[in-house]
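# Reading the structure
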Amino acid sequence: MTHEILGIHHVTAITSDAQRNVQFYAGLLGQRLVKVTINFDDPGSYHLYYGDDLGRPGTAMTFFAWPGASQLPRERRRGTRLVTATAYAAPLGALEFWRERLSVAGVESEAGERFGAALLSFEDPDGLAIEIIEQAGVEARPFWDGAGIESSFALRGFYGVTLTESEAAFSQRFLGEVMNWRQVAQEDRRTRFLIGDGSERGTFVDVLASNAMRGGTGPGFVHHVAWRVADDEAHLAWHEKITNVGANISPVMERCYFRSIYFREPGGVLFEIATDEPGFTLDESAEQLGTHLKLPPWLENSRAQIEGILPTLQLPGGETLP
């Protein structure tokens, strides 16, 4: 395989309250709201994207907004067949800033260490597990400087994700033999894989073996994790490869800002492979990212109907949608 996975492209989770979600990720965590669109498969609900100044691949945390959806118990949110933690990277020495910032906002956090790196774990308002992990060298990466957070503390995209699995050996074999990722560490029930040489964003993937109950879906859950490839040629090569190993894979789907294919790894976690191009400046300038409700061309004729369904959303700059 010459078209290697480069790292995480985006992580998509579920929120029950779009406004509260904006306040948490664009406000408290200092991410830029780079795109406000709708769930292409459920046009009556928002799809929100957060990231660095341009929403570069490897920085995009995205949410399907399902207003009023019931939150399942924490043990279901930490169950098997799920991404059970999404980790951001921060410069060395940044965790005390984040501990204090979260505390002032009333968000409880827990400090710890994993494979020699300091981390802070907490939950978003829907109960989604988030981590901030210190990583050397990330201070050179671009970030969103419009949130008033100093460069030495600002988040720099993803560090990695944790997959919780009941049959971890099957997932580990798949990540190594099919995805071409290298096992680099293990402690207790956690096995770490590295994508490439680790120079890109979001290159750490942990498989956590667990006998917990099977996870569910709803607010506070990760819906899927997307892995990035550089272009359409690589994308099609992966489609062929995943097909050849016998996985049930979707056709290529047009997501406007990238193209996607979907399949489940052996443990049941939904994977997507997405192209880096064309990116979020396809239909908005860099300066105006996240300030309009953007619809795919095939739904523009239904704009009035869609806008009549969507709840009012106040953006970080004070604009109101729809």
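This is a predicted model, so every value here is computed, not measured.

Criteria and thresholds
Residues numbered from 1 in each chain as written. Predicted model: local features only at pLDDT ≥ 70, side-chain atom pairs only at ≥ 80, totals over all residues. Heavy atoms only, no water. Helix = DSSP H or I, 4+ residues; strand = E, 2+ residues; numbered from the N terminus. Rg over C-alpha atoms; globule rule 2.2 N^0.38 Å. Buried < 20%, exposed > 50% of the residue type's maximum accessible area, 1.4 Å probe, protein only. Contact = heavy atoms within 4.5 Å.

## Thoughts on the overall build of the protein chain
Summing up its helical and strand segments, the protein chain has six helices and 18 strands in all. The C-alpha radius of gyration computed for the protein chain amounts to 19 Å, which stays within 12% of the reference 20 Å derived for 322 residues, consistent with globular compactness. Based on the C-alpha atoms only, the size of the protein chain along its principal axes is roughly 50 × 45 × 40 Å. For the protein chain, with 322 residues in total, the buried portion stands at 55%. The contacts in the protein chain between residues at least 6 apart in sequence include a share of 68% that link residues at least 24 apart.

## Things to note about unusual backbone geometry
With the exception of glycine, most residues fall at negative phi, and the peptide bonds are largely trans. The amide bond that connects Glu-277 to the next residue, Pro-278, takes the cis arrangement and shows omega of 10 degrees. Here Pro-278 shows up in the loop between strand E16 (270-275) and helix H6 (303-309). The backbone of Phe-115 shows a phi angle near 50 degrees, a positive value even though the residue is not glycine. You can see Phe-115 is positioned in the loop between strand E6 (109-114) and strand E7 (117-123). Positive phi, normally seen in glycine, also occurs at Cys-256, with a value near 70 degrees. Positionally, Cys-256 belongs in the loop between strand E14 (253-254) and strand E15 (259-264).

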